[in-house]
Amino acid sequence: MGLFRGLVFLLVLFLIQRSNTSLVKLNDNGYEDLLIAIDPGVPEDGRLIEQIKDMVTTASTYLFEATRKRFFFKNVSILIPENWERRPEYTRPKHESYNHADVRIAAPALPGRDEPYTRQFTDCGEKAEYIHFTPDYVLGKKQNEYGPSGKLFVHEWAHLRWGVFDEYNEDQPFYSATSKKIEATRCSIGISGINRVHKCQAGSCATRPCRTNSTTKLYEKDCQFFPDKVQTEKASIMFMQSIDSVFEFCNAENHNQEAPSLQNIKCNYRSTWEVISSSEDFENTTPMAAPPPPPVFSLLRISERILCLVLDKSGSMSSFNRLNRMNQAAQYFLLQTVENGSWVGMVHFDSAATIKSELIQIKSDSERNKLLESLPTQALGGTSICSGIEAAFQVIEKLNSQIDGSEIVLLTDGEDGTTGRCIDAVKQSGAIIHLIALGPSADEAVIEMSNITGGKHILASDIAENNGLIDAFASLTSENADTTQKLLQLESKGLTLNNDPWMNDTVIIDSTVGKDTFFLVTWEKQPPSISLWNPSGTLTEAFTQDTLSKMAYLSIPGTAQVGTWTYSLQANSNPEILTMTVTSRASNSSVPPITVNAKMNKDTNSFPSPMIVYAQVLQGYLPIIGANVTAFIESKSGKMEVLELLDNGAGADSFKDDGVYSRYFTSYSENGRYNLKVRAHGGTNSARRSSRYPLNRAAYIPGWVVDGVIEGNPSRPENDEDTQAILENFSRTASGGAFVVSQFPNTPNVPLPDVFPPSQITDLDATSEDDQIKLTWTAPGDDFDVGKVQQYIIRTSGSLIDLRDNFDDALQVNTTDLLPKEANFKETFVFKPGNVSEENVTHIYIAIQSVDKSNLTSKVSNIAQVALFIPQADPGPDESQPNPNPGESHPNQNSGVNISTIVLSVVGSVAVVSIILSTTICILTKRNSSRRPTTAF
């Protein structure tokens, strides 16, 4: 039995490491189980389904050719909302849900902005979250602006599946090329077109050549690149797949490494095809000899939620107050979390199983209270998990002969050596298993069931004040419900009280929530005195007490008052454990509430590899920036680590101000399961909705050049950072589920060696300062993004690729006076550029490496570049033409800057600036290749 359990655990690790929200798998070159979900808020329209089919069918052929006959779409499921009419061709989903969708068809994040995009916030080469198309785009109403849907789908699929990035950059649309010209950021450089300012007003359009900015020496803000309609260039799909001739990804031969594209910045200047070729998909396939068949489509309509609670009442549940805590959490779930219209049943198990309630449809408090009466009151006997699951199948089959898509919430605290016998039945059933593992000994084999069925896996420790069980049940909202109908957790707090009997705090209710607001208090020994004041200072009515279950609750009628609610709990026992949980729903069905979603970058990990915590703070699909976000990571023995998550575009955070807050996690304390919870707070004048979403959205096509004339498209709505909506105060908490750590050394009282290097600097920036170069970046830490590094190594080269591939051989800058700061503070360093030792150099490239006290080094940073020339603009208008824009000059106009001007183009940041030097850069003869690197500056 021990050998079986060991094999199961290894299998679980294998499965979890490869688990992802997506259900897609690659089989014989074909992608199976691709899921496209229509949002519940989208009005019923049969044309949408047909257009989705056409889009994917066209995309499959295009993908096959673009990947050199390797990949295609084999079968696709379209998930249809429950509020659409039933049709004979619609079947019930199995494991598919809206949260598993690879593609979401939903309203735009902002009205009128139909940009297709992929939610992508992880590293190059890693799978993204989902693709977001709007109904208008799928229906063909926006294809002039963004291109045909089938080809664009392949562009977004490359983001989603292979973790590549766009080959344009809206923040840096132009750059100083080695040709000494201003070029549009694109790949390949063979894409032809013109750079123009094209403005239309009241039906009349005017076109003029672009002027240069006197500071950046690049084109003005309104300048755009208009591609020729007729092209011969075949690459690239990640630049502008809508060009008729384009049907390839940029490869090593035609990749434009000079351009400050997101692909270059995020993928270390590797071409898209190089990244795709190194993917697991590519390595596990060979080209096909014959063209693939068209995709097969399944239409799945969401039905009423069917759910059965399977609750452990074995003898071990009498320890650590587990039985009562389980009942508290289950009552909370039945009273508040589960949605009206759901069917709910209940099974208890110890060494055998007992059906305590057949499925009941929740319509009112009457059904909820009836289920509460079925909760277990005594813990005795052994543990037979399969008996509980098999009894749940019986409950579900009485209502519906098919178990497909039904959910089983399994709570257990024990191990069961016979669990393996029902794994195959679970796989074949179509049910979704959610596991709540209570305590350190819950059965590992059940994790496999949870993962293979797409369920959630949550760890709850025996430390009651951490409120883990209630948080676990709070996370079990329907994955298919509209966000305006889902329960949101505003607060979850616990405290062990010894000498001080008071637990006082506040809860913020913002205007996006307030419906069905519910306050829940639990205790361990004696009922506390409870006082709750609304934002007006009025004391609310008394809580309903359940002394048997040791809980009290209050439901606020109607919509709760917006503002800060204050509570005061006084313990009547010493010591005492008190908890406060507050939940609510959206106050307005037409206004999406603020939500928080949390996860780790992977579900299993081996020491000493680091992990990354991610928390998305959104309102609908719009990022919320400027919030305070904290992660709480609890080991199976109850040890808690607290991390402040950051949205600063440094360290573990890929993009600044994208509403994704991130941080490395390295503070392992033991092997086994850990649980993640995240708390987000937004303060007045700090948190706000960002209109700048996302950085890597589909390229808007401003128009085409046809026979030398621009045929323009309607102007895209402007992204004005100054119009970001300032939010009121808000608070949210969310569970991020469990993850498993192995190979942590079990050596008590022996200090661990330093195994974590500093994190890579990813935001190296440069600006001009008199005759010097000023570098700025975010400080890494001694251990990734914690602590302080020992020193920085700054090197320069005349070759970008040499600096990337042979950093240690490049010229080193003297950094004797550079004293590192604590992690996540801004660093500044100024130096005077010296002589460049290579011939025919057009740019100086700069990069940084960090070194910690144990002499561990970081990866080389992103690369900043300095152009040693004034780039040439396109031929322009007559110099006598008035210049209506101060600070901008005509292309052929003398800007008043002498030949010693250096243009600085920073790869990997927003800034593009110039440096005016009082001396001339001197080009020396190329140094002997065998010469050792020296300190040059």
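Residues numbered from 1 in each chain as written. Predicted model: local features only at pLDDT ≥ 70, side-chain atom pairs only at ≥ 80, totals over all residues. Heavy atoms only, no water.

1. A closer look at the overall build of the chain
Consideration 1: Regarding its fold elements, the chain presents 16 helices and 51 strands.
Consideration 2: The burial tally for the chain puts 57% of its 937 residues in the buried class. (Helix = DSSP H or I, 4+ residues; strand = E, 2+ residues; numbered from the N terminus. Buried < 20%, exposed > 50% of the residue type's maximum accessible area, 1.4 Å probe, protein only.)

2. Considerations on the pairing of strand S33 (residues 622-625)
Consideration 1: Burial of S33 is two-sided: the residues Leu622 and Ile624 facing one way and the residues Pro623 and Ile625 facing the other way are all buried.
Consideration 2: Following strand S32 (residues 611-619), the chain reverses through two residues before pairing antiparallel with S33; glycine 620 in that reversal takes a positive phi of roughly 65°.
Consideration 3: With two bridges connecting them, S33 and strand S38 (residues 688-689) associate as antiparallel partners. Paired with isoleucine 625 across the two strands is arginine 688, which belongs to S38. (Pairing = 2+ DSSP bridges.)

3. Observations concerning the sheet that holds strand S11 (residues 193-201)
Consideration 1: The antiparallel open sheet is built from three strands, whose spatial order is S12-S11-S14. Only two strands of the sheet have a single partner each, and these edge strands are strand S12 (204-209) and strand S14 (224-227). The average angle at which neighbouring strand axes cross in this sheet is 50°, direction not considered.
Consideration 2: Alignment of S11 against S14, held across four bridges, turns out to be antiparallel. (Axes fitted to C-alpha atoms, helices over the stretch in contact; angles between N-to-C directions.)

4. A look at the pattern of salt bridges
Consideration 1: Tallied over the full model, the rule gives 31 salt bridges.
Consideration 2: Of the charged contacts, one joins aspartate 413 and arginine 322 as a salt bridge, the two residues approaching to 2.6 Å between their closest N and O atoms. One end of the pair, aspartate 413, is in the loop between strand S19 (407-412) and helix H13 (423-429); the other, arginine 322, is in helix H10 (residues 322-337), with 91 residues separating them in the sequence.
Consideration 3: Of the residues examined, aspartate 413 reaches a relative accessible area of 3% and is grouped as buried.
Consideration 4: Here the salt bridges do not stand alone but share partners, grouping Glu115, Glu170 and Arg697 into one network. (Salt bridge = Lys/Arg side-chain N within 4 Å of Asp/Glu carboxyl O.)

5. Observations regarding the nonpolar core
Consideration 1: If you look at the biggest cluster of nonpolar residues, it comprises 73 residues, and the most contacted ones within it are Phe133, Trp157, Trp162 and Phe249.
Consideration 2: Here the element with the most residues in this core is helix H2 (residues 46-66); it accounts for nine residues.
Consideration 3: Look past the residues within four positions of phenylalanine 133 in its chain and what remains in contact with it is Met55, Val103, Arg104, Ile105, Ala106, Pro116, Val138, Leu152, Phe153 and Glu156.
Consideration 4: Residues Ile625, Val629, Tyr674 and Phe739 belong to the second largest nonpolar core, which totals 39 residues. (Core = buried A, V, L, I, M, F, W, Y, C linked by side-chain atoms within 4.5 Å. Contact = heavy atoms within 4.5 Å.)

6. Describing helix H11 (residues 365-372)
Within an α-helix, residues lying three or four positions from one another point in the same direction, as the helix has 3.6 residues per turn.
Consideration 1: Of the positions making up H11, those classed as buried are Glu367, Arg368, Leu371 and Leu372. Looking straight down H11, one finds that the buried residues subtend no more than 145° of arc, so they occupy a single side. Those residues of H11 that are exposed and aimed more than 90 degrees away from the buried face are Asp365 and Lys370.
Consideration 2: On its buried side, H11 packs onto H10, strand S17 (343-349) and strand S18 (353-361). (Arc of directions from axis to C-beta.)

7. Quick word on the packing of aromatic side chains
Consideration 1: The full count for this structure, using the stated rule, is 34 aromatic pairs.
Consideration 2: Ring geometry for tyrosine 31 against tryptophan 157: centres 5.0 Å apart, planes inclined by 65°, an arrangement best described as edge-to-face. In this pair, tyrosine 31 sits in strand S2 (residues 30-32) while tryptophan 157 sits in helix H5 (residues 149-162), placing the two residues 126 residues apart along the sequence.
Consideration 3: Classification of tyrosine 31 as buried rests on a relative accessible area of 0%.
Consideration 4: Aromatic pair phenylalanine 133 and phenylalanine 153: ring centres 6.2 Å apart, planes at 35°, arrangement tilted. With phenylalanine 133 in strand S8 (residues 130-133) and phenylalanine 153 in helix H5, this pair connects stretches of sequence that are 20 residues apart. Of the two residues, phenylalanine 133 and phenylalanine 153, both sit in the buried class.
Consideration 5: Three or more aromatic residues joined by ring pairs make a cluster, and in this case those are Tyr31, Phe71, Phe73, Phe133, Tyr137, Phe153, Trp157, Trp162, Phe249, Trp273 and Phe282. (Phe/Tyr/Trp six-rings, centres within 6.5 Å; stacked < 30°, edge-to-face > 60°.)

8. Observations regarding the side chain of aspartate 471
Consideration 1: Residue placement: aspartate 471 occurs in helix H15 (residues 468-474).
Consideration 2: In this structure aspartate 471 comes out as buried when scored by relative accessible area, which is 6%.

9. Some words on the state of the cysteines
Consideration 1: Overall, the coordinates contain five disulfides when judged by the stated rule.
Consideration 2: Between the sulfur atoms of cysteine 210 and its disulfide partner cysteine 223 the distance amounts to 2.0 Å. Its S-S torsion of about 80° marks the bond between cysteine 210 and cysteine 223 as right-handed, since a negative value means left-handed. With cysteine 210 in the loop between S12 and strand S13 (212-213) and cysteine 223 in the loop between S13 and S14, the pair connects residues that are 13 residues apart, well separated along the chain.
Consideration 3: Across the chain, the way the bonded cysteines pair up, counted in sequence order, is 1-8, 2-7, 3-4, 5-6, 9-10. (Disulfide = S-S within 2.5 Å.)

10. Looking at unusual backbone geometry
Consideration 1: The peptide bond linking asparagine 574 to proline 575 adopts the cis configuration, its omega dihedral lying at 0°.
Consideration 2: In this fold, proline 575 is placed in the loop between strand S28 (563-570) and strand S29 (576-586).
Consideration 3: Cis rather than trans, the peptide bond between phenylalanine 607 and proline 608 has omega equal to 10°.
Consideration 4: Tracing the backbone through its elements, the reader meets proline 608 in the loop between strand S31 (604-606) and S32.
Consideration 5: Notably, lysine 69 is not glycine yet its phi reads approximately 65°, a positive angle.
Consideration 6: Tracing the backbone shows lysine 69 in the loop between H2 and strand S4 (72-73).
Consideration 7: By relative accessible area, lysine 69 is classed as partly exposed at 36%.
Consideration 8: A positive phi angle is found at aspartate 516, which is not glycine, with a value near 55°.
Consideration 9: On the secondary structure map, aspartate 516 appears in strand S24 (residues 513-523).
Consideration 10: A residue is classified by how much of its surface remains accessible, and aspartate 516, at 33% relative accessible area, is partly exposed.

11. Section: the pairing of strand S16 (residues 306-312)
Consideration 1: Buried residues dominate S16, accounting for seven of its seven residues.
Consideration 2: Here S16 shows a buried face lined by Ile306, Cys308, Val310 and Asp312 and a second buried face lined by Leu307, Leu309 and Leu311.
Consideration 3: Direction of pairing for S16 relative to S17: parallel, over a ladder of seven bridges. Looking at the pairing, valine 310 lines up with valine 347 of S17.
Consideration 4: In this fold, the crossover linking S16 to S17 by way of H10 has right-handed handedness.
Consideration 5: Sheet analysis places S16 next to S19, joined by five bridges and oriented parallel. For leucine 309, the partnering residue across the bridge sits in S19 and is valine 409. (Right-handed = clockwise from strand over helix to strand, strands pointing away.)

12. Some remarks on the sheet that holds strand S25 (residues 529-533)
Consideration 1: Sheet architecture is open: three strands sit in the order S23-S28-S25, paired in antiparallel fashion. Of all strands in the sheet, those bounded by a partner on one side alone are strand S23 (502-509) and S25. Across the sheet, the mean angle from the axis of one strand to that of its neighbour is 15°, orientation sign disregarded.
Consideration 2: Bridge count between S25 and S28: five bridges; the pairing is antiparallel.

13. Quick word on the packing of H10 against H11
Consideration 1: Running from N to C, H10 and H11 cross one another at 170°; their axes reach a closest spacing of 9 Å. In terms of orientation, H10 lies roughly antiparallel with respect to H11. Together, Gln331, Leu334, Leu335 and Gln336 of H10 and Arg368, Asn369, Leu371 and Leu372 of H11 make up the contact between the two elements.
Consideration 2: Its residues placed into classes, the contact of H10 with H11 shows four nonpolar, three polar and one charged. (Parallel < 35°, antiparallel > 145°, perpendicular 65-115°, else oblique. Nonpolar A, V, L, I, M, F, W, Y, C, P; charged D, E, K, R; others polar.)

14. Focus on the side chain of histidine 255
Consideration 1: Note that histidine 255 resides in the loop between helix H6 (237-240) and helix H7 (262-266).
Consideration 2: Setting aside anything within four residues of it in sequence, one finds histidine 255 in contact with Cys187, Cys250, Gln263, Asn264, Tyr269, Arg270 and Ser271.

15. A closer look at the environment of leucine 811
Consideration 1: Looking at the element boundaries, leucine 811 is found in strand S45 (residues 811-812).
Consideration 2: Taking the C-alpha atoms as reference points, leucine 811 and serine 797, 14 residues apart in sequence, are found 6.5 Å from one another.

16. Brief notes about the packing of H2 against H5
Consideration 1: Packing of H2 against H5 leaves a shortest axis separation of 8 Å and a crossing angle of 70°. Relative to H5, the element H2 is oriented roughly perpendicular. Relative to H5, H2 is oriented so that their crossing is right-handed. Between H2 and H5, the contacting residues are Met55, Thr58, Ala59, Tyr62 and Leu63 on the first element and Ser149, Gly150, Lys151, Phe153, Val154, Trp157 and Trp162 on the second. (Left-handed = near helix turned anticlockwise from the far one by under 90°.)

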